[in-house]
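# Structural description and commentary
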Amino acid sequence: DTMRLWSGDCDDLTILFMALMENLGVETAMGDLPGHVLPLIDSGVAPEDMDTITGDTDRLIEADGRVWIPGELTSVGVGFDQAWAQAALLCRKAMADGKFKIVSTHDSWKKYAPATLSHTNWKPALKNSEIATRVEKEVTLIGRQRIDALAGDLLKSLEADPGNDEARMELG
C-alpha cells in the first residue's frame, strides 16, 4: 500500500526501504529512536576503514563491529545526501541520550516470519529517466564530498611538508 499510495509514515517507509535493500542482498537494520524509526544500511566496511566511506565519519553509526549508514526517509523532497546527514544527526542525538537501539532485520525474521501477501497485478508507475537523473546527481555529490575530504588531507600534508612528493603525486 505504501508504494501504491505514495504515502506512509516513518515505519511504513522504513520497512519498505529495508525490504527493497534486503531483496538486493544489502543487509539492513532499523534504528529505533524515541517516537521514530529509520533504516540503517550495513556498509560492509570494517570500523577501522569507515573513513573510506566518507570524510565525515559522524555520518556513520558504528555498533557491534559494523558500520551502518542511516537514512531519514521522511525528509520528503531532499536527496540522499541530505537525508543521510539528517538521519545521522537524529541517531547521534538519540545515542547521546541513551535512547537509540539497533534492531537487526535478520534477527527479526527469526522471531517474526515474513508474511506472504496475496498476488496483485498492480505495478508502480516509475519514470526511469527521472530516477536515473536523481541517482546520478546524488552519487556525484557524495563522490565530490569524498574527493574533497581526501584532497583536504593531502593539502594538509603539503602544508606541513611542501617537499612531500608522494602527496603531490596523489593530488595529480
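Residues numbered from 1 in each chain as written. Predicted model: local features only at pLDDT ≥ 70, side-chain atom pairs only at ≥ 80, totals over all residues. Heavy atoms only, no water.

## Digging into the environment of T105
Along the chain, the position of T105 falls in helix 4 (residues 105–111). Among the residues examined, T105 registers a relative accessible area of 7% and is labelled buried. For the pair formed by T105 and T28, sequence separation is 77 residues and the distance between their alpha carbons is 5.9 Å. Those residues in contact with T105 that lie beyond four places of it in its chain are M18, E22, T28 and A29. In this structure the side chain of T105 is engaged in a polar contact, spanning 2.8 Å, whose partner is the side chain of T28. (Helix = DSSP H or I, 4+ residues; strand = E, 2+ residues; numbered from the N terminus. Buried < 20%, exposed > 50% of the residue type's maximum accessible area, 1.4 Å probe, protein only. Contact = heavy atoms within 4.5 Å. Polar contact = N/O pair within 3.5 Å; in protein donor to acceptor, adjacent residues only side chain to side chain.)

## Some points on the packing of helix 3 (residues 80–96) against helix 5 (residues 128–160)
Their axes nearest at 8 Å, the elements helix 3 and helix 5 cross at an angle of 60 degrees. By the angle between their directions, the pair helix 3 and helix 5 is classed as oblique. Here F80, D81 and W84 of helix 3 lie close against helix 5, whose contacting residues are E138, L141, I142 and Q145. (Axes fitted to C-alpha atoms, helices over the stretch in contact; angles between N-to-C directions. Parallel < 35°, antiparallel > 145°, perpendicular 65-115°, else oblique.)

## Quick word on the nonpolar core
A29, L33, L38, L40, I61, W68, A87, C91, A94 and F100 together form the largest nonpolar core, which totals 10 residues. Among the elements of the structure, strand 1 (28–33), strand 2 (36–42) and helix 3 are those that each provide at least two residues to this core. The greatest single-element share of this core, amounting to 3 residues, is contributed by helix 3. Every residue in contact with A87, bar those within four places of it in the chain, is listed here: L38, P70, G71 and E72. Listed in part, the 8 residues of the second largest apolar core include I53, L60, V67 and I142. (Core = buried A, V, L, I, M, F, W, Y, C linked by side-chain atoms within 4.5 Å.)

## Brief notes about helix 2 (residues 10–23)
For helix 2, built from 14 residues, the straight-helix expectation of 20 Å at 1.5 Å per residue is met to within 8% by its first-to-last C-alpha distance of 20 Å. Residues of helix 2 that are buried include every one of C10, T14, M18, M21 and E22, and no others. Buried residues of helix 2, viewed axially, fall in a sector of 95 degrees; they line one side. Along its buried surface, helix 2 packs onto strand 1, strand 2 and helix 4. Following helix 2 by one or two positions, G25 adopts a phi angle in the positive range, close to 90 degrees. (Expected span 1.5 Å × (residues − 1). Arc of directions from axis to C-beta.)

## Overview of a negative patch on the surface
Residues E48, D49, D51, E62 and D153 make up a contiguous surface patch of negative charge. The topology assignment puts D153 in helix 5. The exposure class of D153 is partly exposed, given its relative accessible area of 47%. (Patch = residues over 30% accessible without salt bridge, like charges linked within 9 Å, V, L, I, M, F, W, Y side chains within 5 Å. Areas by Shrake-Rupley, 256 points an atom, 1.4 Å probe, with all protein chains shown as cover. Salt bridge = Lys/Arg side-chain N within 4 Å of Asp/Glu carboxyl O. Lys, Arg positive; Asp, Glu negative; His and termini not counted. Charge placed at Lys NZ, Arg CZ, Asp CG, Glu CD.)

## A short note on the packing of aromatic side chains
Taken as a whole and judged by the stated rule, the model has 1 aromatic pair. Between F80 and W84 the ring centres are 5.7 Å apart and the planes differ by 40 degrees, which places this aromatic pair in the tilted class. Placement of both F80 and W84 in helix 3 is noted, with a separation of 4 residues, approximately one turn of the helix. With a relative accessible area of 34%, F80 lands in the partly exposed category. Under the relative-accessibility criterion, W84 is labelled buried at 3%. When the ring centre of W84 is taken as reference, the NZ or CZ atom of R59 above it lies at 4.8 Å. (Phe/Tyr/Trp six-rings, centres within 6.5 Å; stacked < 30°, edge-to-face > 60°. Lys NZ or Arg CZ within 6 Å of the ring centre and 35° of its normal.)

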